[in-house]
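# Fold and contact review
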Amino acid sequence: TAPRASFKRIILKLSGESMSHAGERGIGVPEVMHIAGQVKLAHQAGCQIGLVVGGGNILRGSQFKGAGAGIQEATAHYMGMLATVINALALQDALESIGCQTRAMTAIKMDGVAEPYIRRRAKRHLEKGRIVILAAGTGSPFVTTDTAAAQRAMELEAEILMKATKVDGVYSDDPERNPHAMLYSELTYNAVREQNLRVMDSTAIAHCMEHKMPILVFNFRKDGNVLRAVRGEKVGTLISS
Ligand code: UDP
């Protein structure tokens, strides 16, 4: 029989990019179905999964930084949080269409769309084997869903925060620009901070460091990677103290 998950509960951060066709914006149905299929495999291995979804495929608040009088940056961040809700609904249906039980919860109350995020309720859903989709980030502007993912990982007592990206892990430089960029298999939080490596935003790293929450960064485009990660197999870059 297939090896079981070695992690009992994880938070998986999915960037908005994982929902769209490479180089495009918006939602690509095949991409959403692919990521849903990957998550299902990991869930079937016996891992409780909370998904924190990004919204960058639709809108990022920082796009409007200094845009002038038209749209305030704070407003744009709320727009970004709403973008994550759009992704969450797509992902929820995709997961349910392949037989997963899910609950979507939003950090900004949105009756008629999804449940409000309540920590104790989210934990109950996880314990009952539902895949919990956590949308609208933290509910506050000027941060990103990385910070939301770090916060949820801590408060929902996940063993690890996993961040699925389009590259294999953390590199010494941008691997899409520099072919000589080196992939790290392990890093300390301090190394990430000191070398200013682009892993997650600095608030997220600081939170994880302070609470000793390990972070695994890996490639979601490779089939089976989410499953490998929850089984504790060597994949991506592991960040810990
Ligand atoms: N956002 C926010 N507060 C949060 C989470 C997200 O204001 O707690 C906004 C922010 O503007 C961000 C956008 O929502 O840029 C979309 O999220 P993110 O950039 O993290 O998406 P990703 O890069 O993961 O696709």
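Conventions adopted
- Residues numbered from 1 in each chain as written.
- Predicted model: local features only at pLDDT ≥ 70, side-chain atom pairs only at ≥ 80, totals over all residues.
- Helix = DSSP H or I, 4+ residues; strand = E, 2+ residues; numbered from the N terminus.
- Rg over C-alpha atoms; globule rule 2.2 N^0.38 Å.
- Buried ≥ 20, exposed ≤ 12 C-beta atoms within 10 Å, placed from the backbone.
- Contact = placed C-beta atoms within 7 Å.
- Near = placed C-beta within 6 Å.
- Nonpolar A, V, L, I, M, F, W, Y, C, P; charged D, E, K, R; others polar.
- Pairing = 2+ DSSP bridges.
- Core = buried A, V, L, I, M, F, W, Y, C linked by C-beta atoms within 7 Å.
- UniProt positions renumbered as here; feature names shortened; annotations may be inferred.
- Arc of directions from axis to C-beta.

### Points about the overall build of the protein
What the protein contains, in helices and strands, is seven helices and nine strands. Taking 18 Å as the expected radius of gyration for a compact globule of 241 residues, we find that the protein reaches 17 Å, a close match to that expectation. Along the first, second and third principal axes, the C-alpha atoms of the protein reach 60 × 45 × 35 Å. Across the 241 residues in the protein, those meeting the buried criterion constitute 46%. Taking the intrachain contacts of the protein between residues at least 6 apart in sequence as the baseline, contacts between residues at least 24 apart amount to 71%.

### Re the site of the ligand
Within the structure, the ligand sits among 24 residues, and Gly-54, Gly-56, Gly-61, Gly-80 and Gly-137 are positioned closest to it. Listing elements by their share of the shell around the ligand, those giving two or more residues are α2 (73-97) and α4 (145-155). By residue number, the principal contributor to the shell around the ligand is α2, which donates five residues. A per-class count over the shell around the ligand returns five nonpolar, 16 polar and three charged.

### Side note on the sheet that holds strand β1 (residues 9-14)
Read from one edge of the open sheet, nine strands run β4-β3-β5-β2-β1-β6-β8-β9-β7, paired in mixed fashion. Two strands close off the open sheet at either side, each with one partner strand: β4 (115-116) and β7 (186-188).

### Details of the pairing of strand β2 (residues 48-53)
Every regular strand shows the same layout, with side chains that alternate between the two sheet faces. With six of its six residues buried, β2 lies for the most part within the structure. Alternating positions in β2 separate into two faces, Gln-48, Gly-50 and Val-52 on one and Ile-49, Leu-51 and Val-53 on the other, with burial throughout. Relative to β2, β1 runs parallel, the two sharing six bridges. In the sheet register, Arg-9 faces β2, and the bridge partner there is Gln-48. Pairing geometry for β2 and strand β5 (residues 131-135), over three bridges, is parallel.

### What about the nonpolar core?
Ranked by size, the top nonpolar core spans 72 residues in total, and within it Ile-10, Leu-51, Leu-91, Ile-133, Ala-135 and Leu-161 carry the most contacts. Looking at this core, the element that brings in the most residues is α2, giving nine residues. Beyond its immediate sequence surroundings of up to four residues, Leu-51 is in contact with Leu-12, Leu-14, Val-39, Leu-91, Ile-131, Val-132, Ile-133 and Leu-134.

### As for the UniProt feature "binding site: UMP" (unreviewed entry) in the protein
In this structure's numbering, the residues bearing the UniProt feature "binding site: UMP" (unreviewed entry) are Gly-55, Thr-138, Gly-139, Ser-140, Pro-141, Phe-142, Val-143, Thr-144 and Thr-145. A maximum C-alpha distance of 14.3 Å among these annotated residues, which run over 91 residues, shows that they cluster at one spot. Mapped onto the fold, Gly-139 is located in the loop between β5 and α4. Not counting the four nearest positions on each side in its chain, Gly-139 is found in contact with Ala-107 and Ile-108.

### As for helix α3 (residues 119-127)
Among the residues making up α3, those that are buried are Ala-122, His-125 and Leu-126. Projection of α3 onto a plane perpendicular to its axis shows the buried side chains occupying an angular sector of 100 degrees, all on one side. Exposed residues on α3 whose side chains face more than 90 degrees from its buried face are Arg-120 and Glu-127. Each element contacted by the buried residues of α3 is listed here: β1, β2, β3 (102-106) and β5. Within two residues after α3, Gly-129 carries a phi angle of roughly 85 degrees, on the positive side.

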